2 protein chains.
Amino acid sequence: MRRCPPGARKGAAVADRRTATIKDVAAAAGVGIATVSRVFSGTGSVSAGTRERVLAAARDLDYRPSALGRGLKLRRSGGIGVVVPDVTDPFCAELLAGVLACARTLGEHVIVDAAHGDPGREAEIVDRLVEQRVDGLIALPAGGTAAWRAAARIGASVVFADRVPPGLEDVPAVLADDRAGVRTLTEYLVGLGHRRIAFLGATAPGAPGAPAEVRESAFRDTLRALGVTVEEDLIVAARPERDSAYAAAAGLLQRRGDLTAVLAAGHLPGEAAVMVARELDLRVPADISIAMVDDVPWAELCDPPLTAIARPAHDIGYRACEMLLRDRTRRTRGGPVLLPAELMIRGSCGPLRTARPSRRTTRAG
Amino acid sequence: MRRCPPGARKGAAVADRRTATIKDVAAAAGVGIATVSRVFSGTGSVSAGTRERVLAAARDLDYRPSALGRGLKLRRSGGIGVVVPDVTDPFCAELLAGVLACARTLGEHVIVDAAHGDPGREAEIVDRLVEQRVDGLIALPAGGTAAWRAAARIGASVVFADRVPPGLEDVPAVLADDRAGVRTLTEYLVGLGHRRIAFLGATAPGAPGAPAEVRESAFRDTLRALGVTVEEDLIVAARPERDSAYAAAAGLLQRRGDLTAVLAAGHLPGEAAVMVARELDLRVPADISIAMVDDVPWAELCDPPLTAIARPAHDIGYRACEMLLRDRTRRTRGGPVLLPAELMIRGSCGPLRTARPSRRTTRAG
DNA sequence: TTGAAAGCGCTAACAT
DNA sequence: ATGTTAGCGCTTTCAA
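None of these values were measured; they are calculated from a predicted model.

1. Looking at the side chain of B:Asp294
All names here are of chain B. Relative to the helices and strands, Asp 294 resides in the loop between strand 9 (289–293) and strand 10 (307–310). There is a polar contact of 2.7 Å between the side chain of Asp 294 and the side chain of Arg 311. Ignoring anything within four residues of it in the chain, the contact list for Asp 294 reads Phe 91, His 267, Ala 308, Ile 309 and Arg 311.

2. Let's talk about the pairing of strand 2 (residues 109–114) of chain A
Burial runs high along strand 2 of chain A: 6 of the 6 residues are buried. By the alternation rule, side chains of strand 2 of chain A split into A:His109, A:Ile111 and A:Asp113 and A:Val110, A:Val112 and A:Ala114, which are all buried. The sheet contact formed by strand 1 (residues 79–84) of chain A and strand 2 of chain A spans 6 bridges and is parallel. Each residue of the ladder has a partner; that of A:Val84, found in strand 2 of chain A, is A:Ala114. The parallel pair strand 1 of chain A and strand 2 of chain A is bridged by helix 5 (residues 90–105) of chain A, and the resulting crossover is right-handed. In this structure, strand 2 of chain A lies alongside strand 2 (residues 109–114) of chain B, joined through 2 bridges in antiparallel fashion. Note on strand 2 of chain B: the bridge partner recorded for A:Ile111 is B:Ile111.

3. A few points about the nonpolar core
In terms of nonpolar packing, the biggest core is built from 65 residues, with A:Leu200, A:Leu253, A:Trp298, B:Leu200, B:Leu253 and B:Trp298 touching the most fellow members. Considering each element in turn, this core owes the most residues, 7 residues, to helix 11 (residues 267–279) of chain B. In this structure, A:Val174, A:Ala313, B:Val82 and B:Met323 belong to the second largest nonpolar core, which totals 60 residues.

4. Structural notes on unusual backbone geometry
For the bond running from A:Val284 to A:Pro285, omega is 5°, close enough to zero to count as cis. For A:Pro285, the position within the fold is in the loop between helix 11 (267–279) and strand 9 (289–293). Positive phi is not limited to glycine here, since A:Arg75 has a value of about 60°. Within the secondary structure, A:Arg75 is located in the loop between helix 4 (67–74) and strand 1. Owing to a relative accessible area of 56%, A:Arg75 belongs among the exposed residues under this scheme. Positive phi is not limited to glycine here, since B:His116 has a value of about 50°.

Rules used in this analysis
- Residues numbered from 1 in each chain as written.
- Chains lettered and ligands numbered in written order.
- Predicted model: local features only at pLDDT ≥ 70, side-chain atom pairs only at ≥ 80, totals over all residues.
- Heavy atoms only, no water.
- Helix = DSSP H or I, 4+ residues; strand = E, 2+ residues; numbered from the N terminus.
- Polar contact = N/O pair within 3.5 Å; in protein donor to acceptor, adjacent residues only side chain to side chain.
- Contact = heavy atoms within 4.5 Å.
- Buried < 20%, exposed > 50% of the residue type's maximum accessible area, 1.4 Å probe, protein only.
- Pairing = 2+ DSSP bridges.
- Right-handed = clockwise from strand over helix to strand, strands pointing away.
- Core = buried A, V, L, I, M, F, W, Y, C linked by side-chain atoms within 4.5 Å.

Laid out in structure tokens, this is it:
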């Protein structure tokens, strides 16, 4: 797709040079390369006339300054890296959108990759990002810790979002206030009269420090504070996958036909709870109340709409980026930044109905 | 976060050099820099012994080759750019995931940004990407055309995904076979007995070439082919935003209480149709059948689950990336790659019920 | 097999 | 205000 008029003679001074460089522009404008650099980097001062000539020459040659050259000189790429478990997860996607919004205002580009919960892959990604000489890293870390220790050792600055791996509490982070969110939600459920409340966790086994763990302990603590007995049997965990969440939900609801409410610790378990309840012909909220952490778009589409805790994914991403790029000087003082989560009360939770009609324990046909 | 033992004397030969370079490694290993380069780039040949020494030295110094240096020399960054309207859109996110999957296998990183339907912003993004010297561009283009003409002129190779701007049909592209998908869905609806079928479009005004336009014409053509009268009044369009889609759906359903089915041209209008139907107390599918293009996760969560056309977003992304990086030689021969879309029949569409009970035309309280 | 040297495109002193 | 020059970290002939 080269500009090459039909009549162009080949071998002529067609200047088929790959891409115009600063040198070409300088020559064309009859100035030194430093001047061209000044014009494009905004540094120093150039007379209006010269600037015009340079700009004209550049336009003429379709010149685009090379970030590679500049980056090499400046020893930074002008981009940041974002590592998430999965870009198709609504929370991650929203978080990423927040980062993009902030990065844009700061003129940085964003390199993304998904680790899919694999610490090895995560480490690999971080390595590549370091090779790219990103100005910083924003991560929604998987289980591992190695990648981040390595990154820190190399001198890369990282900010954690949504969760921080155990032992890395000194690394800057911006999180949702899950503890408060779950507390509020639990109080709401208990206030509605519920006592046998199930907790459908999303904790990946061996992933301490994850938000899910915080949520579970918040759930337990709140129950205790409210004087409600914590039944271990009602607290189950699933891996962050549809199948696992579904299996956990099905097992739970079938095993404990007496529970009256389910608090899903994420949108995946929430989805599972809704599906399973429907398959068991459980009416929501008449037979069972359902609420979840993470207010994804479909929560409002559900019938009835699902009560959920809205965690500010976009803000988390934005703040993390800001913290990474603007406040790079100051370290984490006073621990991680905690952003408030909001309880969105919709129709999926109702008051406890005493004397509930007997329920079948077999699955609906 | 520098390694600096408590007892380290300052000013000593602590070698606080920013980051180890190839030169440092060469010195430490007692070899020339070319050798180190060979070891890390896999080029040329190095004796096993030397290789070991180099690797050891590198490990010792936490050396990471600089993609900046390499990129400058190679005149390419080893990354590709992805431009989508919105990373939080499920379709875009899935597409992006596909690109990431492919890019990973090819050892490329991915820079992503969202244009939010703004051609100006899109052009800006493309410009930055070109400055980064990306090896190529994958775009789910907004309305504009300028950005891509410019990119082509500069010599950047781009592959369109999901839609191709008018006049740029010669640019490689990989699309979902929307025409076939909508045809199938329309036939399905007509086969169910429906005649007054509404089409809730997602076409942004002035965005010809967009999939939405293809869908609309496919809808019309199929209806005609089936001998069903095309009622212009039943074909409405909305901008790709929740509000707009909702407004369009509400207007449509209230204005035409006699329609029996809605074909939403995207997940946003689909969502809107579901919400509006619920607010109007319309039972699905008894009172109204609803189907949509794009099989997002919530389609199965709906009650009843929504019949939809599953477009292979992940594959589209993967193929686009493959086409960009592997088949860069061959141009678009035979037009864009068309990937099949699949009709997922669920419970939201039912046979036309003659003698439907009268319906209110006012909104539910 | 290995090293020396010449840039890749740019910025930042330093000199005019 | 503008030109000269010396690299930034790497790959790649070209010799040895």
